[in-house]
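Spelled out from the first residue to the last, the chains are:
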Amino acid sequence: MMSDEGITIRSTLRDYLEVHFLLEVQTARLAARRRTMSDIRDLWFALARRGEYSESDDLACFSDRDQAVHEAVAAASHNDVLWSVYRSLNAAFHRPYLSIYADHALFEPSLAAHAKIIEAIIYGDEEAAVGAVRAMFTPLLERVALLPEVIPTKFIN
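This text gives an overview of the structure that appears in the document. (Residues numbered from 1 in each chain as written. Predicted model: local features only at pLDDT ≥ 70, side-chain atom pairs only at ≥ 80, totals over all residues. Heavy atoms only, no water.)

Points about the overall build of the protein
- When helices and strands are counted, the protein shows six helices and three strands.
- What you see in the protein, going N to C, is helices and strands ordered as β-β-α-α-α-α-α-α-β.
- Counting only residues that meet the buried cut, the protein has 44% of its 157 residues in that class.
- Carbon and sulfur atoms provide 57% of the accessible area of the protein, an area that totals close to 8,700 Å². (Helix = DSSP H or I, 4+ residues; strand = E, 2+ residues; numbered from the N terminus. Buried < 20%, exposed > 50% of the residue type's maximum accessible area, 1.4 Å probe, protein only. Areas by Shrake-Rupley, 256 points an atom, 1.4 Å probe, with all protein chains shown as cover.)

This is how it looks when you write it as structure tokens:
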């Protein structure tokens, strides 16, 4: 459906996470291949700032810190189109993301899971980076497959 405001697409959480997974795999692969010393510093800083999620955290603030890690990986890929697509998808999904984690008590992948990805990128190990992304996303995708929910996601033109 087209309007002055953009296009509204009804998608499932699984649809979003599958696309997010694909983007995460490629950004991690390219980041491991192309990261610079500046990227390494940014990745470590974002990871340290993210910390581990606890139930006392404000979910919106934590989500922003978590997203900063993922965006640092996307930036380290040094592919401007991939980075732009990644940011657009995440911006469109931010509000539904918060309600999904709050309403369904889905687990947030741990700091250790994120650290494995960052370490593989820093060492330039593309396969380890991809494997760490798979290890982080597979349990979440399996759990989400059990949810029947449909989530409206708005993409602005």
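What about unusual backbone geometry?
- Phi at His 78 takes a positive value of approximately 55°, unusual for a residue other than glycine.
- By the element assignment, His 78 lies in the loop between α3 (59-76) and α4 (80-104).

Description of helix α2 (residues 37-50)
- Helix length check: α2 (14 residues) gives 20 Å between terminal C-alpha atoms against 20 Å at 1.5 Å per residue, within 8%.
- By the burial criterion, the buried members of α2 are Asp 39, Ile 40, Leu 43, Ala 46, Leu 47 and Arg 50. Along the long axis of α2, the arc covered by the buried residues comes to 135°, so they all point the same way. Exposed and facing more than 90 degrees away from the buried side of α2 are Met 37, Arg 41, Phe 45, Ala 48 and Arg 49.
- Those residues of α2 hidden inside the fold are in contact with α1 (13-34), α3 and α5 (111-122).
- Looking at the residues trailing α2, positive phi occurs at Gly 51, about 70°. (Expected span 1.5 Å × (residues − 1). Arc of directions from axis to C-beta. Contact = heavy atoms within 4.5 Å.)

Let's talk about the environment of Thr 27
- Mapping Thr 27 onto the fold places it in helix α1.
- Given the relative accessible area of 0%, Thr 27 is considered buried.
- Between the C-alpha atom of Thr 27 and that of Val 73, which follows or precedes it by 46 residues, the distance is 6.4 Å.
- Ignoring sequence-local partners within four residues, the contact set of Thr 27 consists of Val 73, Ala 74, Ser 77, Leu 82 and Tyr 86.

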